[in-house]
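A structural walkthrough
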Amino acid sequence: MNDSGFFSIQVIEKALDAFSLKLTNIENPVMADYKMNPLTARAYVCNLREHWFVLRKFGSQWFELNSINNGPRLLSDTFVTEFLHQLSAEGYTIFVVQGILPSSYADELISLCPVVPPPKKEQKEPNMVQKFFNSVGRRLGGSAENSDNREERDLAIAMAMSMEPNREQSEEEEQLKRAIAMSLGNSTSSETEPLKSSKASEDGKPELIETPILGNTKTPETGSTTPSPEQQRRDREKFLARLEQKKNEERK
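Calculation notes
Residues numbered from 1 in each chain as written. Predicted model: local features only at pLDDT ≥ 70, side-chain atom pairs only at ≥ 80, totals over all residues. Heavy atoms only, no water. Salt bridge = Lys/Arg side-chain N within 4 Å of Asp/Glu carboxyl O. Helix = DSSP H or I, 4+ residues; strand = E, 2+ residues; numbered from the N terminus. Buried < 20%, exposed > 50% of the residue type's maximum accessible area, 1.4 Å probe, protein only. Phe/Tyr/Trp six-rings, centres within 6.5 Å; stacked < 30°, edge-to-face > 60°. Lys NZ or Arg CZ within 6 Å of the ring centre and 35° of its normal. Pairing = 2+ DSSP bridges. Polar contact = N/O pair within 3.5 Å; in protein donor to acceptor, adjacent residues only side chain to side chain. Contact = heavy atoms within 4.5 Å. Expected span 1.5 Å × (residues − 1). Arc of directions from axis to C-beta.

Topic: the pattern of salt bridges
As enumerated under the stated definition, the model contains four salt bridges in all. A salt bridge links D107 to R42; its shortest N-O distance comes to 3.5 Å. Here the residue D107 occupies a position in helix 4 (residues 105-112), and R42 occupies one in the loop between helix 2 (32-36) and strand 2 (43-48), the gap between them amounting to 65 residues. A relative accessible area of 32% places R42 in the partly exposed class. Connected via shared salt-bridge partners are R42, R56 and D107.

As for the packing of aromatic side chains
All chains considered together, the criterion is met by six aromatic pairs. Measuring from centroid to centroid gives 5.7 Å for F53 and Y92, while their planes differ by 75°, and the two rings are edge-to-face. You can see F53 sitting in strand 3 (residues 51-58) and its partner Y92 sitting in the loop between helix 3 (77-89) and strand 6 (93-98), a full 39 residues away along the chain. Of the two residues, F53 and Y92, both sit in the buried class. The structure contains a cluster of three or more aromatic residues connected by ring pairs, namely F53, F79, F83 and Y92. Directly above the aromatic system of F83 lies the positively charged group of R73, at a separation of 5.7 Å from the ring centroid.

Brief notes about the pairing of strand 2
Along strand 2, five of the six residues are buried, which leaves the element largely enclosed by surrounding structure. Pairing geometry for strand 2 and strand 3, over six bridges, is antiparallel. Along strand 3, the bridge assignment pairs N47 with W52. Where strand 2 hands over to strand 3, the hairpin turn is made up of two residues, of which R49 adopts a positive phi near 55°. As paired strands, strand 2 and strand 6 are joined by four bridges and run antiparallel to one another. Its bridge partner lying in strand 6, Y44 is registered against V96.

Details of the side chain of Q61
Within the secondary structure, Q61 is located in strand 4 (residues 61-65). Its relative accessible area of 14% is what places Q61 among the buried residues. Within the local environment of Q61, its side chain forms a polar contact with the backbone nitrogen of V115, the two atoms lying 2.7 Å apart. Setting aside its immediate chain neighbours within four residues, Q61 contacts R56, L74, I110, P114 and V115.

Considering the environment of Y34
Here Y34 lies in helix 2. Given a relative accessible area of 24%, Y34 falls into the partly exposed group. Considered as a pair, Y34 and V96 are 62 residues apart in the sequence and their alpha carbons are 7.9 Å apart. When sequence neighbours within four positions are dropped, the list of residues in contact with Y34 reads I26, T40, A41, Y44 and V96.

Quick word on the side chain of R56
Relative to the helices and strands, R56 is located in strand 3. Excluding anything up to four places from it in sequence, R56 contacts R42, A43, Q61, W62, F63, L65, L101, P102, S104 and D107.

Some thoughts on helix 3
Taking 1.5 Å per residue, 13 residues should reach 18 Å; helix 3 reaches 19 Å between its end C-alpha atoms and fits that length. For helix 3, the set of buried residues is V80, F83, L84 and L87. Seen end-on, helix 3 carries its buried residues on one side only, within an arc spanning 100°. The exposed residues of helix 3 that point more than 90 degrees off its buried face are T78 and A89. With its phi angle positive at about 100°, G91 sits one or two positions after the end of helix 3.

This is the structure in C-alpha cells:
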C-alpha cells in the first residue's frame, strides 16, 4: 500500500492469488456473459479512484460489503443488476472474481437461514394541515433554507394566524349577522310611520292603539328588548367604522 493506506489492484490480485482467485475487468470481451447476466458470478470487486468495495453472494443472497456503510447491506437480485449498471455509468471499474470462493460461516448460515429484509415502514401521507404547519415551521425556524422571500414568509404567518381562533373577528362577524338580520326584518316605512293595532273597546267598536317606534320596546310574550331602528342604525355605523379601520391597519 502507499502512504495513505491505499491498496493497488496488483496488491489485491496478489492477495486473491493465495485462494486461487483472479480478477478480470467486466469490460473485457471474455466477460461478456457476466456483463449480460451479472447474477452468474459470486463476487465483484468495485473501484473508483482510491475506494474499493465488494458485492458478494452468500448462500443465495447478495450483499454489499462497503466500509462507508454501517454493515453488510442486503441486495435483491434485481437491484444487483441495476446497481452494477449504475456503478459503471458513474465511472467505477468493476472486476469479476473468478474461481471457487472458499467456504465461510456466512455462506453456511445464510444457506440455512436466509436474511429476511426488514419491513418497510409505512409513512402516512400528512394531511393538508400537517403539511401547512410543517412548511410554516420550516420557514420560521431559521433553517438554512433562506430562499423564501419576505412575501411568502408573511403569507405563511398570516395563514397560521387565521387558523387560530380570533375572538374579535368572531364578535364582528356576529354583529354583522345581527345587523343584516335587523335590516331585513324592518321595512323603510316602519322607521317613519307608527304602527297601529286594533283593540276592541268596551262598546264593541275597534280602538286604535299607537305602538311607539323610537326607543326600545318589549315584546309582551317574552319581555325581551328589541333595539329601535335608530339604535340599529348606530350599531351598523359603528361596526362598519371598525371594519374600515381594520382594513386600513392591514394595508399598512
